[in-house]
Amino acid sequence: MLDFIYYPVSFILWCWHQVFGFIFGPDNAIAWILGIIFLTFTVRGIMFKPFVNQVRSMKKMQDFAPEIKKLQKKYANDRQRQAAEMQKLQREHGVNPLGSCLPMLLQIPVFIGLNHVLRMFAPGRESNYFFDAEGVRSYVDAKIFGVNLGDAINHVSALGGGAAAAEPGWHWYVAPVAIPLMIVASVATHFTARHSVARQNPESATAQTAMMNRLTLWIFPAGVLIFGAFFPIGLLIYWLANNMWTLGQQRFVYTRIDQEEEAKKAEAKEKRNSLAPKPGQKPQVGQKPQVGQKPKPQEKKPASAQGKSDTSSASPTEAKDGGAAKNGKSPKGGSSARGGAWAKNGGNQQRPATQSKKTQGRKRR
């Protein structure tokens, strides 16, 4: 029923086994282990572009997380309106929520397909999808520390497959090889999730986000540690290689995106600095201020220059009055200014005594 998954997975594994089988020998377990590892790398390499889109989509969603919270608070009693507004916001920012789930969804068929293909290797089978009888025999004879790559601690007959159908039940001789792989795969799963959670924006944290973080940090690694007893050795190798690739890919992509963000910030800062006026620069005649340009603070003029400016800007009447006062002459008709000796002596000049006596004599008469 799922042959459209089993055939591509078995073909990729067959190709890599041909390459490493030519180097180490087709019956060597190293050739099969490297074939499984590079099958993982091939699939993850195909999904590299969707992973980058996933990271960018998550980054955008974290940037406008405060706006999402405002919408949730504003339309708390209207779920339909809230969903419509959130979809509108996502379209405006060019974010596809399914883009963040696509790489994980694509890995599920590969995991199911590889699990089935590895379980179908059994003694006496004539073929296993792209593998002929010789390929089946080569896989069955390949052992690591005396354990076949298709063996598991517990062969679950419900899952089907060659080894599970032939020898169902517990096989503790597989534990010395399987348990260390289970522990390393579980730790790698935890550190991969930890590295991803550390990149999240605290402002975008919600109850659903916190629950998903707990699942990826603790529940999934514990699941690998517990249910790894039912996985074949080859599938545990695939899981370990997949997590190691994910960890390295995250570091590479996150570093590149951080560098892009820093370059954009530096470019925007340089653009603002280029638009701003330089110190001491005077605007040209008819030049309009640029967008974001701040006005230059007005420079203070020297006292001598300021006096000249005040004189030149005064009205003709004021200039004439000022000149007359300076020459000691009283201006004609004007009560606002006093000239002559009175102005020269500071306005304190007293009248002659004889003049006052004549005035008093006239008054008596």
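As a starting point, this report considers the structure included with it. Predicted model, so just to flag it, every value in this text is computed and none were measured.

### A short note on the nonpolar core
One finds Trp32, Leu114, Phe121, Leu149, Ile233 and Ile237 to be the most contacted residues of the largest nonpolar core, which totals 44 residues. At the level of secondary structure, the elements contributing two or more residues to this core comprise helix 1 (3–24), helix 2 (29–46), helix 6 (102–119), helix 7 (133–141), helix 9 (175–197) and helix 11 (233–275). Counting residues in hydrophobic clusters, the runner-up holds 7 residues, among them Phe64, Ile68, Tyr75 and Met86.

### Here we look at the pattern of salt bridges
For the structure on display, the rule yields 5 salt bridges. Put simply, Arg56 and Glu260 hold a salt bridge, and the shortest N to O gap is 3.2 Å. Placement of the pair is Arg56 in helix 3 (residues 48–63) and Glu260 in helix 11, with a sequence separation of 204 residues. The partly exposed category is assigned to Glu260, whose relative accessible area is 29%. One salt bridge connects Asp141 with Arg137, and the closest N-O pair in it is separated by 2.7 Å. Placement of the pair is Asp141 and Arg137 together in helix 7, with a separation of 4 residues, close to one helical turn. Overall, the relative accessible area of 33% leaves Arg137 in the partly exposed class. Put simply, Asp27, Glu134, Arg137 and Asp141 are held in one network by salt bridges that share partners.

Thresholds applied
Residues numbered from 1 in each chain as written. Predicted model: local features only at pLDDT ≥ 70, side-chain atom pairs only at ≥ 80, totals over all residues. Heavy atoms only, no water. Core = buried A, V, L, I, M, F, W, Y, C linked by side-chain atoms within 4.5 Å. Buried < 20%, exposed > 50% of the residue type's maximum accessible area, 1.4 Å probe, protein only. Helix = DSSP H or I, 4+ residues; strand = E, 2+ residues; numbered from the N terminus. Salt bridge = Lys/Arg side-chain N within 4 Å of Asp/Glu carboxyl O.

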